[in-house]
Structures are given as structure tokens and as C-alpha cells.
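Spelled out, the chains give:
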Amino acid sequence: DDPVYVYLRPGSYIPVFKYKEAPVSVQGNADSNDPFSLLKTSAIAIAILPFHDISGSPLSSMYARGIPDELAYALMQTKGCKVISPASMAHFSAQEHDVAAAMSKVGAQIAFEGSVREESNHIRVTARIVDAAGFQLWAKRFDAEGGSESFFTIEEQIASALTTGLDALFVDRKSVV
């Protein structure tokens with residue numbers, strides 16, 4: 001019957017503390033069936049972590065470096081989002097650092113992280129949204145042919161695909177001016 005849960009994320013010795021119930025000040029706005037309900041009350045601070053280049057090829061490396069910038073641009077066009085500059089997050093990597101610590105340092109409520117793979121000029125991008133406790137809230141995958149269109153066009157398509165529909169998750173349109 002303790003009011004607090006203590007979690008340990010896989011591979012980490014840093015405990016995460018969560019209340020069983022939302023604090024009284026936000027409890028009235030929370031919908032227990034919607035993991036994003038607490039995020040719908042105001043603009044949400046989003047960090048975009050560097051995307052991990054799994055393949056190590058020149059093409060996948062270019063996409064891994066370019067997608068965070070396109071993603072930041074697309075998120076800035078999404079109602080209810082405020083984006084922490086990818087340049088501020090450039091020295092962090094989800095594989096090398098504690099994501100929760102990085103998010104806390106910059107004041108992010110959620111973070112985008114992801115990976116890029118290439119096989120025979122085929123690009124696969126997988127992106128995730130994680131909360132400050134390290135729990136994955138959302139994931140999406142995008143596939144493209146690396147040489148079929150311009151590099152910029154494919155990056156824009158990836159960012160658009162990854163952000164489509166997110167405004168409905170982040171914003172309760174009745175509460176936003």
C-alpha cells in the first residue's frame with residue numbers, strides 16, 4: 001500500500017520513483033487510460049537524442065546525423081511541442097548515457113531516440129518516444145530506398161511520418177489557445 005513505486009530500468013542501477021496516483025494538482029486532468037494525459041495540459045518539452053547509426057555505412061551515417069534536425073523542424077510545426085535544440089543534445093547518445101539523466105539536465109519531459117540501418121541501399125529508421133523514467137511510450141518505423149529520391153526529400157518524408165498524428169497525443173485542443 002505504499003504510495004510510491006520504485007523501478008530499476010534494465011541495465012541501470014539508478015532507481016526511478018513513481019507515484020501510484022497522480023499528484024492532487026494534476027489528478028483532475030489525468031485520464032488513467034491515456035499515458036499522454038498529463039502531457040496534454042500545456043506545451044511539452046521534447047529532447048531529440050542523436051539517432052544511432054547501426055550499419056556504420058556512409059549513407060546510414062548521413063541519415064542518422066540529418067534526421068534529428070528535420071525532426072526538430074517538424075516538431076516545431078506541431079501544436080503543443082517545444083523542442084530542445086538537437087545541438088544541445090548532440091553529445092548525448094541513448095546507447096552511451098542515461099537517457100533519464102540527459103532529459104533531466106535539459107528539462108525535457110519526453111525524448112525522441114532512434115536508429116538508422118542500411119541494407120543494399122534500403123534505409124530503415126526506427127524512432128521511439130521515451131519518458132523521463134526511460135519507459136517507451138510510442139514507436140514508429142519508416143523504410144525508404146536510399147537512392148530513389150534526394151537525401152533531403154527522404155529526410156523530410158521520415159520526419160513527417162514520425163510526427164504525423166503527434167499533436168493529437170500532446171494537445172487537448174480545448175485547453176490550448
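Report follows, based on the coordinates. (Residues numbered from 1 in each chain as written. Predicted model: local features only at pLDDT ≥ 70, side-chain atom pairs only at ≥ 80, totals over all residues. Heavy atoms only, no water.)

With that settled, the discussion passes to the packing of aromatic side chains. Tallied over the full model, the rule gives three aromatic pairs. On the numbers, 4.7 Å between centres and 50° between planes, the contact of Y63 with F151 is tilted. In this pair, Y63 sits in helix α2 (residues 58-76) while F151 sits in helix α5 (residues 151-163), placing the two residues 88 residues apart along the sequence. Here F112 and W138 contribute two aromatic rings whose centre-to-centre distance is 5.6 Å and whose plane-to-plane angle is 75°, an arrangement assigned as edge-to-face. Highlighted residues: F112 in strand β6 (residues 110-119) and W138 in strand β8 (residues 136-145), separated in sequence by 26 residues. For W138, a relative accessible area of 15% translates into the label buried. (Phe/Tyr/Trp six-rings, centres within 6.5 Å; stacked < 30°, edge-to-face > 60°. Helix = DSSP H or I, 4+ residues; strand = E, 2+ residues; numbered from the N terminus. Buried < 20%, exposed > 50% of the residue type's maximum accessible area, 1.4 Å probe, protein only.)

Taking 1.5 Å of rise per residue, the 13 residues of α5 would be expected to cover 18 Å, and the 19 Å separating its terminal C-alpha atoms lies within 8% of that figure. Those residues of α5 lying buried are I154, E155, I158, A159, A161, L162 and T163. Note on α5: the residue one or two positions beyond its end, G165, has a positive phi of about 85°. (Expected span 1.5 Å × (residues − 1).)

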